[in-house]
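As a plain string of letters, each chain reads:
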Amino acid sequence: MKFHPKLEPQFPWREGNRVELLVDAEMFFPAMLRAIYEARDCVWLEMYLFESGAVADQFIDAFIDAARRGVQVCLLLDDFGCRKLSQQDRGRLAVKGIALAFYNPLHYGKWRRNLFRDHRKILLVDHQAVFVGGTGLTDDFAPRLQPELAWRETMVRVEGPCVVDWAVLFAHTWGSGYVARAPLRPGPQAIPALPEGLRGRVVETSALSSQELSRSLLNRIRLAQQNVWLTTAYFVPSIKIRRALRKTAQRGVDVRLLLPGNRTDHPAVRHAGRRFYHGMLRAGVRIFEYQPRFIHAKVVVCDSWVSVGSSNIDRWNLRWNLEANQESVDHGLAQQAREMFERDFVVSEEIQFEAWRTRSWRSQIREWFWGRIDEWVDRFSR
């Protein structure tokens, strides 16, 4: 019997939200932990990477403390992404008040259905605030011994009417066929607009239904008048997105890509994506490779539009994963995001077109080889 999931909910633009940009774990982990310790009603977590270590210990302690205070704690972890969460830590979470669920448990009999993964990163507290972005609860984002190697990441804290939509999205996934837990009450049906709040929207994507996230991105790139600045950990976008970036740059718009340098957790994906550099550079797209650490963030700024979330906009993510981003339209937030990009550009190496054309034959062979592998995987996954 085939499984047919319910269509993902889609959400409107809402006025009156507050969106705070949180750069790197030294900002967002303390804010997330503080919110959990101050929770009075509920803590809902949807997370891809959750691995045993110092960071996991901090969050597990916070979840247990919340549950003992009578707070409803619901943890939805991707079964593949949490494979490095030890049995001991799983046992620690088996306390009254904590509901632990795993998205699409791996099983050899499922064949390609094992590829469907929940890549979202959402922490919702008391239906009042939600944290969204690209982090995982692992020591990679905040290692104790070598902080200079911590993955470069960006999150946002959202308050206001959009929080209702994040709760609906979490509750929908919790009750879906890939989790099949008892339904959750999404919480209040509306939250009043905050004074001087900004316009925002929750946008999601899933392999079997909505592709709203990629459609929204394409639309914003095509309509941009001043700038399109994009950072992603894995640059293997669809031909439509590549074409849109090139055409927008050819119109005179400032198009820049901030991508990983040699520090990356998937060198093969980096080499496969670098085969697109020639066409991008020739069209006028500026490409920067971040040098200090592995940049894992997923942020796009198009004029006054900002998108932060879990999606790397690569073909694999959009085909197989649940993803979700917070979109906002606000000149102030967009300026903050551009200032963040500027700081990262300073410590990045800009790829020049002439230098790229004369790069070593070893680099070209790596790009060709991993490019062929990427094309094979793409055909297989259709």
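Residues numbered from 1 in each chain as written. Predicted model: local features only at pLDDT ≥ 70, side-chain atom pairs only at ≥ 80, totals over all residues. Heavy atoms only, no water.

**Comments concerning a positive patch on the surface**
Then, in step 1: Among the surface-exposed residues, Arg-222, Lys-240, Arg-243 and Lys-247 lie close enough to one another that they form a single positively charged patch.
Then, in step 2: It is helix H6 (residues 239–250) that provides the largest number of residues to the positive patch, a total of three residues.
Then, in step 3: You can see Arg-243 is positioned in helix H6. (Patch = residues over 30% accessible without salt bridge, like charges linked within 9 Å, V, L, I, M, F, W, Y side chains within 5 Å. Areas by Shrake-Rupley, 256 points an atom, 1.4 Å probe, with all protein chains shown as cover. Salt bridge = Lys/Arg side-chain N within 4 Å of Asp/Glu carboxyl O. Lys, Arg positive; Asp, Glu negative; His and termini not counted. Charge placed at Lys NZ, Arg CZ, Asp CG, Glu CD. Helix = DSSP H or I, 4+ residues; strand = E, 2+ residues; numbered from the N terminus.)

**Description of helix H7 (residues 267–274)**
Then, in step 1: Of all the positions in H7, only Arg-270, His-271, Ala-272, Gly-273 and Arg-274 are classed as buried.
Then, in step 2: In the core, the buried residues of H7 are packed alongside strand E11 (254–260), helix H8 (277–283), strand E12 (286–290), helix H11 (353–357) and helix H12 (361–380). (Buried < 20%, exposed > 50% of the residue type's maximum accessible area, 1.4 Å probe, protein only. Contact = heavy atoms within 4.5 Å.)

**Section: unusual backbone geometry**
Then, in step 1: Even without being a glycine, Glu-196 presents a positive backbone phi close to 60 degrees.
Then, in step 2: With respect to the secondary-structure elements, Glu-196 resides in the loop between helix H4 (162–174) and strand E9 (198–205).
Then, in step 3: Its identity as a non-glycine residue notwithstanding, Asp-303 has a phi of 55 degrees, on the positive side.
Then, in step 4: Assignment of secondary structure puts Asp-303 in the loop between strand E13 (299–302) and strand E14 (305–309).

**What to know about the packing of aromatic side chains**
Then, in step 1: Applying the stated criterion across every chain yields a total of 15 aromatic pairs.
Then, in step 2: On the basis of an interplanar angle of 80 degrees and a centroid distance of 6.5 Å, the ring pair of Phe-235 and Phe-276 is categorised as edge-to-face. Residue Phe-235 is found in the loop between strand E10 (227–231) and H6, and its partner Phe-276 is found in the loop between H7 and H8; the two are separated by 41 residues along the sequence. Here Phe-235 and Phe-276 have matching classes, each one buried.
Then, in step 3: Ring pairs connect the aromatic residues Phe-28, Phe-29, Phe-59 and Phe-63, which therefore count as one cluster.
Then, in step 4: The positively charged end of Arg-83 is found above the aromatic ring belonging to Phe-80, 4.0 Å away from the centroid.
Then, in step 5: Cation over ring: Arg-242 sits above Phe-276, and NZ or CZ is 4.0 Å from the ring centre. (Phe/Tyr/Trp six-rings, centres within 6.5 Å; stacked < 30°, edge-to-face > 60°. Lys NZ or Arg CZ within 6 Å of the ring centre and 35° of its normal.)

**Observations regarding a nonpolar patch on the surface**
Then, in step 1: A contiguous nonpolar patch, built from Trp-368, Phe-369, Trp-370 and Ile-373 and spanning about 410 Å² of accessible area, is present on the exposed surface.
Then, in step 2: If you trace the backbone, Trp-368 turns up in helix H12.

**Notes on the pairing of strand E3 (residues 72–78)**
Then, in step 1: Burial analysis of E3 places six of its seven residues in the buried class, the great majority of the element.
Then, in step 2: Across six bridges, the pairing between strand E2 (residues 42–47) and E3 is parallel. The residue bridging Trp-44 from the neighbouring strand is Cys-74, located in E3.
Then, in step 3: In this fold, E2 hands off to helix H2 (residues 54–68), which returns the chain to E3; that crossover is right-handed.
Then, in step 4: Where E3 and strand E4 (residues 98–103) come together, six bridges link them in parallel fashion. Across the sheet, residue Leu-75 finds its bridge partner in E4, namely Leu-100.
Then, in step 5: As a crossover connection, the stretch from E3 through helix H3 (residues 87–92) into E4 is right-handed. (Pairing = 2+ DSSP bridges. Right-handed = clockwise from strand over helix to strand, strands pointing away.)

**What about the layout of surface pockets?**
Then, in step 1: Approximately 310 Å³ is the volume attributed to the second largest pocket.
Then, in step 2: At the level of secondary structure, the elements contributing two or more residues to the lining of the second largest pocket comprise helix H5 (212–223), H6 and helix H9 (315–320).
Then, in step 3: Here the residues of the lining of the second largest pocket sort into four nonpolar, three polar and five charged. (1 Å grid on protein atoms, 1.4 Å probe; cavity = no way out; pocket = protein on both sides within 12 Å on 5 of 7 lines; lining within 4 Å. Points joined across faces, edges and corners; volume = space filled by probe spheres on them. Nonpolar A, V, L, I, M, F, W, Y, C, P; charged D, E, K, R; others polar.)

**A short note on H4**
Then, in step 1: Between its terminal C-alpha atoms H4 stretches 19 Å, which fits the 18 Å expected from 13 residues at 1.5 Å a residue.
Then, in step 2: Most of H4 is tucked away, with 12 of its 13 residues classed as buried.
Then, in step 3: The complete set of buried residues in H4 reads Cys-162, Val-163, Val-164, Asp-165, Trp-166, Ala-167, Leu-169, Phe-170, Ala-171, His-172, Thr-173 and Trp-174. (Expected span 1.5 Å × (residues − 1).)

**Observations regarding the environment of Phe-102**
Then, in step 1: Looking at where Phe-102 falls in the secondary structure, it is placed in strand E4.
Then, in step 2: For Phe-102, a relative accessible area of 21% corresponds to the partly exposed category.
Then, in step 3: Here the alpha-carbon distance between Phe-102 and Met-47, two residues 55 residues apart in the chain, equals 9.9 Å.
Then, in step 4: Leave out the neighbours within four places in its chain, and Phe-102 touches Leu-76, Leu-77, Asp-79, Cys-82, Arg-90 and Tyr-178.

**Points about the packing of helix H1 (residues 25–37) against H2**
Then, in step 1: Between H1 and H2, whose axes approach to 9 Å, the crossing angle comes to 20 degrees. Here H2 runs roughly parallel to H1, going by the angle between their axes. Pair H1 / H2 crosses with left-handed handedness. Together, Phe-29, Met-32, Leu-33, Ile-36 and Tyr-37 of H1 and Val-55, Gln-58, Phe-59, Asp-61, Ala-62, Phe-63, Asp-65 and Ala-66 of H2 make up the contact between the two elements.
Then, in step 2: Looking at the contact of H1 with H2 residue by residue, the classes come out as 10 nonpolar, one polar and two charged. (Axes fitted to C-alpha atoms, helices over the stretch in contact; angles between N-to-C directions. Parallel < 35°, antiparallel > 145°, perpendicular 65-115°, else oblique. Left-handed = near helix turned anticlockwise from the far one by under 90°.)

**Some thoughts on the pairing of E14**
Then, in step 1: Summarising burial for E14: five of the five residues are buried, a large majority.
Then, in step 2: Alternating residues of E14 divide into Trp-305, Ser-307 and Gly-309 and Val-306 and Val-308, and every residue in both groups is buried.
Then, in step 3: Linking E13 back to E14 in an antiparallel pair, the connection comprises two residues, with Asp-303 at a positive phi of about 55 degrees.
Then, in step 4: With five bridges connecting them, E14 and strand E15 (residues 321–329) associate as antiparallel partners. Along E15, the bridge assignment pairs Trp-305 with Val-329.

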